[in-house]
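Residue-level structural notes
The chain contents come next:
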Amino acid sequence: MSKKIIKRSWAEPYKIKMVEPIKMTTREYREKCAKEAGYNTFLLKSEDVYIDLLTDSGTNAMSDYQWAGLMMGDEAYAGSRNFYYLWDNVKKYYGMPYFVPTHQGRAAEHIISKIMIKPGDFIPGNMYFTTTRVHQELAGGTFVDVIIDEAHEAQNEHPFKGNIDLQKLEDLIKKVGAKKIPYVSMAGPVNMAGGQPFSMQNLKEVYALTKKYGVKLWFDATRATENAYFIQQREKGYENKTVAQILKEMCSYFDGIWVSAKKDLMVNIGGFLATRNKKVYEEARNMVVIYEGLHSYGGLAGRDMEAMARGIEEMVRPENISSRVRQVEYCGKELEKFNIPLVKPYGGHAIFLDAKKFLPHLKQDLFPAQSLAAEIYIDSGVRGMERGLVSSGRDPKTGEQRYPKLELVRLTFPRRVYTQSHIDVMVESIAEVYDKRKSIKGLKMVYEPKYLRFFQARFEKIK
Ligand SMILES: Cc1ncc(COP(=O)(O)O)c(C=O)c1O
Ligand SMILES: N[C@@H](Cc1ccc(O)cc1)C(=O)O
C-alpha cells in the first residue's frame, strides 16, 4: 500500500511560452542608479532592475487566452462587444448588476468619492490606502481608521487582521452621526496592513451594524480573490466552498465595489466600479464621460476590456489563486530561515519586511523602510517599495507628518512572472543586507511633492 502523502509542494500551474530577458548589473552601477533616483525605488528605470517586486499592479503575465482576446478587441467608440462581455462577467462573478469601466482603480475611487462624499463627512475604513484616502480627502472628507488594533502590530498572528473593530465603528457613528458617514470603506486584503484579509464573520457583523444605522458599505475589491482564498483556508464553514462562491457571497453584503483590475484580473491596465444602487450607477455613468471617456469604455480600449473579462474567469480558478498565495508564502518561509523580521501572517500579494525591527538603530525620522528598500536594490537589483512614514504623508489640515506604527518594505509578487529561483536569489540578498544592517545610516528627504509624496520624493544618504 502506498504511503499517504499529507502535504505536497505547490508548483506554477502554467509553463513559460515567451521570455523577457533581464539585464544583469553590478553593485557599482546600482549605487549610481540609486543615487540618481534619489533613493526612491519608484524613480528607478525598470531596465536597471533585476527582480521587480515594486508592485503586482499591471505587472502580471497574461495567459495565452487573454493575449488571444486582445485580437478580438471591438474598438468601436460606443457599445463595444467587449464591454458587454466584461459587464456580464462582473454580474456573474461579483454579483453586481450595474457596472462602469474606468482606466484604473483610482479613477473609480475618484468618481465614487465625488459622488458620495460631501465636505465635512467622515469615511471609516479598515486602514487607509494612499490613493483611496487622497480622493476621499480631496472630496472634503476625513478618513477614520477603524481596523482592529492587531493590524498595526507587525508580528501579531491574528488570522484576520483586516477585520473592522465594530466598537470603533459604532463609536464613530454615535459621535458624528450616521448622516455624516456616506459609506464605510472596506478593503480586503488590506494592502497597507501587509495584505491581511477580513473574515466573512466580521463582514456580516459590519453589514448588520451599517444596516442598523442606515450607512452604506462599499468594498475596495481590488484583491478580493485573495481575501476569498484566505477565508476558504482559515474560516470555519468555508473550507468546502469555492473561491468563486466566497467572492460572490462577500460582494453580496456591499452596496458597491471599486476595483483596480491591474491586480486580481491579471491585466496590464483597467479598473471599474460596480454597484447594486441604480442612482449611484446613473451618476457614475454620467460622470465617467467627463473624466474617462464614454460609459462603454471608460478610458480603455476594447481589447483591454476583453483581457479583463477573460482575467475574471481565470482569477477564481483554484490552481491560479492558490499558487499565487503559496508563492508569497514560500518567500516568507525562506526569509524566516534567516530570522528576517516580517509582517505575520504572510500577505496575499506581498511579503512585508518589518523595517523597525530590521533596523532598530534608526529613528523613524531617518526613514528606515525607505533606506532598507534602497539598500536591497543596491545589493542585488531587487526592487521593493517603502510602506511607512513616507507613504503615510502629511495630515492635510495640520501639515504634520503622520507617523504610522508600521514601517515596512513591501516585496510584491506580480502574478505568473517570477519563479522559485528568483525568490531564492532575492532571499539571499535580503539575508546579506540583514547581516550588514548596522552599516545603514538612514536618509533625509530633500524633495517632497504635495500629493502621494512616496511616488516622487527624493532623498540623500546620511553620511
Ligand atoms: C487596494 C488598492 N486600492 C486601489 C488601488 C488603486 O488602483 P490603481 O493603481 O489601478 O489606480 C490600489 C493600487 O493602486 C490598491 O492596491
Ligand atoms: N495599487 C498598486 C500601485 C500603487 C502603489 C503604491 C501606492 O501607494 C498606490 C498605488 C499597489 O498597491 O502596488
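Residues numbered from 1 in each chain as written. Chains lettered and ligands numbered in written order. Predicted model: local features only at pLDDT ≥ 70, side-chain atom pairs only at ≥ 80, totals over all residues. Heavy atoms only, no water.

The protein is annotated in an unreviewed UniProt entry as Tyrosine phenol-lyase from Stygiobacter electus. A UniProt comment under Cofactor (unreviewed entry) is attached to the protein, and it reads "pyridoxal 5'-phosphate". For the record of the protein, the UniProt heading Subunit (unreviewed entry) holds the text "Homotetramer." (UniProt positions renumbered as here; feature names shortened; annotations may be inferred.)

1. With respect to the site of ligand 2
Neighbouring ligand 2 are 14 residues; Thr55, Thr130, Lys263, Arg410 and Phe454 lie closest to it. Between an oxygen atom of ligand 2 and a side-chain N or O atom of Thr55, the distance comes to 2.6 Å. In the model, a nitrogen atom of ligand 2 is placed 2.7 Å from a nitrogen or oxygen of the Lys263 side chain. Within the complex, the protein chains bury 94% of what would otherwise be the 330 Å² of accessible surface of ligand 2. The set of elements that each furnish at least two residues to the shell around ligand 2 consists of helix 5 (130-138) and strand 11 (385-387). Along the lines of polarity and charge, the residues of the shell around ligand 2 split into four nonpolar, five polar and five charged. (Near = heavy atom within 4 Å. Polar contact = N/O pair within 3.5 Å; in protein donor to acceptor, adjacent residues only side chain to side chain. Areas by Shrake-Rupley, 256 points an atom, 1.4 Å probe, with all protein chains shown as cover. Helix = DSSP H or I, 4+ residues; strand = E, 2+ residues; numbered from the N terminus. Nonpolar A, V, L, I, M, F, W, Y, C, P; charged D, E, K, R; others polar.)

2. With respect to the sheet that holds strand 11
On the basis of which strands lie adjacent, the open sheet formed by three strands has the order 9-12-11 and antiparallel pairing. At either end of the open sheet lies a strand with only one pairing partner, and these are strand 9 (350-354) and strand 11. Each neighbouring strand pair of the sheet contributes to a mean axis angle of 35 degrees, computed without reference to strand direction. In the sheet, strand 9 pairs with strand 12 (residues 408-412) via five bridges, with the strands oriented antiparallel. The partner of Leu353 across the bridge, within strand 12, is Val409. (Pairing = 2+ DSSP bridges. Axes fitted to C-alpha atoms, helices over the stretch in contact; angles between N-to-C directions.)

3. Thoughts on the domain arrangement of the protein
Domain annotation of the protein identifies domain 1 (27-56 + 318-461) and domain 2 (64-315). Using only C-alpha atoms to locate each centre, domain 1 and domain 2 end up separated by 26 Å. Tallying the contact residues gives 36 residues for domain 1 and 41 residues for domain 2. Buried area between domain 1 and domain 2, summed over both chains or domains, comes out near 2900 Å², and the portion from carbon and sulfur atoms is 54%. On the domain 1 side of the contact with domain 2, Ile321, Pro345 and Leu406 bury the most area, a combined 19% of that side's loss. Inspection of the region where domain 1 meets domain 2 yields six salt bridges. (Domains from an automatic or database assignment. Contact = heavy atoms within 4.5 Å. Buried area = accessible area lost by both parts, 1.4 Å probe. Salt bridge = Lys/Arg side-chain N within 4 Å of Asp/Glu carboxyl O.)

4. A few points about the confidence of the model for the protein
Low-pLDDT stretches of the model should not have their predicted coordinates read in fine detail. Looking at the protein as a whole, its pLDDT mean stands at 97, while 98% of the residues score no less than 70. For this predicted complex, the interface confidence score (ipTM) comes to 0.98, while the overall pTM stands at 0.96. (pLDDT = per-residue confidence, 0-100.)

5. Focus: the packing of helix 4 (residues 105-116) against helix 5
Helix-helix packing is characterised by the crossing angle of the two axes and by the distance between the axes. As a packed pair, helix 4 and helix 5 sit with axes 9 Å apart at the nearest point and diverge in direction by 30 degrees. Here helix 4 lies roughly parallel to helix 5, going by the angle between them. The way helix 4 lies across helix 5 gives a crossing that is right-handed. Counted together, Arg106, Glu109, His110 and Ser113 of helix 4 and Thr131, Thr132, His135 and Gln136 of helix 5 form the full contact between these two elements. Taken together, the residues of the contact of helix 4 with helix 5 sort by class into no nonpolar, six polar and two charged. (Parallel < 35°, antiparallel > 145°, perpendicular 65-115°, else oblique. Left-handed = near helix turned anticlockwise from the far one by under 90°.)

6. Topic: the packing of aromatic side chains
Across all of its chains, the model carries 18 aromatic pairs by this definition. Ring plane angle 70 degrees and centroid distance 5.3 Å describe the contact between Phe367 and Phe459, whose orientation is recorded as edge-to-face. Of this pair, Phe367 sits in the loop between helix 13 (355-358) and helix 14 (368-380) while Phe459 is found in strand 14 (residues 458-461), placing the two residues 92 residues apart along the sequence. By relative accessible area, which is 2% here, Phe459 ends up buried. Of the aromatic side chains, those joined through ring pairs into one cluster are Phe83, Tyr84, Trp87, Tyr94, Tyr98, Phe99, Phe272 and Tyr281. Note that Arg387 overlies the ring of Phe454, its terminal NZ or CZ placed 4.9 Å from the centroid. (Phe/Tyr/Trp six-rings, centres within 6.5 Å; stacked < 30°, edge-to-face > 60°. Buried < 20%, exposed > 50% of the residue type's maximum accessible area, 1.4 Å probe, protein only. Lys NZ or Arg CZ within 6 Å of the ring centre and 35° of its normal.)

7. Observations concerning the pairing of strand 2 (residues 98-102)
Summarising burial for strand 2: four of the five residues are buried, a large majority. Strand direction decides the pairing type here: strand 2 and strand 8 (residues 271-275), joined by five bridges, are antiparallel. Paired with Phe99 across the bridge in strand 8 is Ala274.

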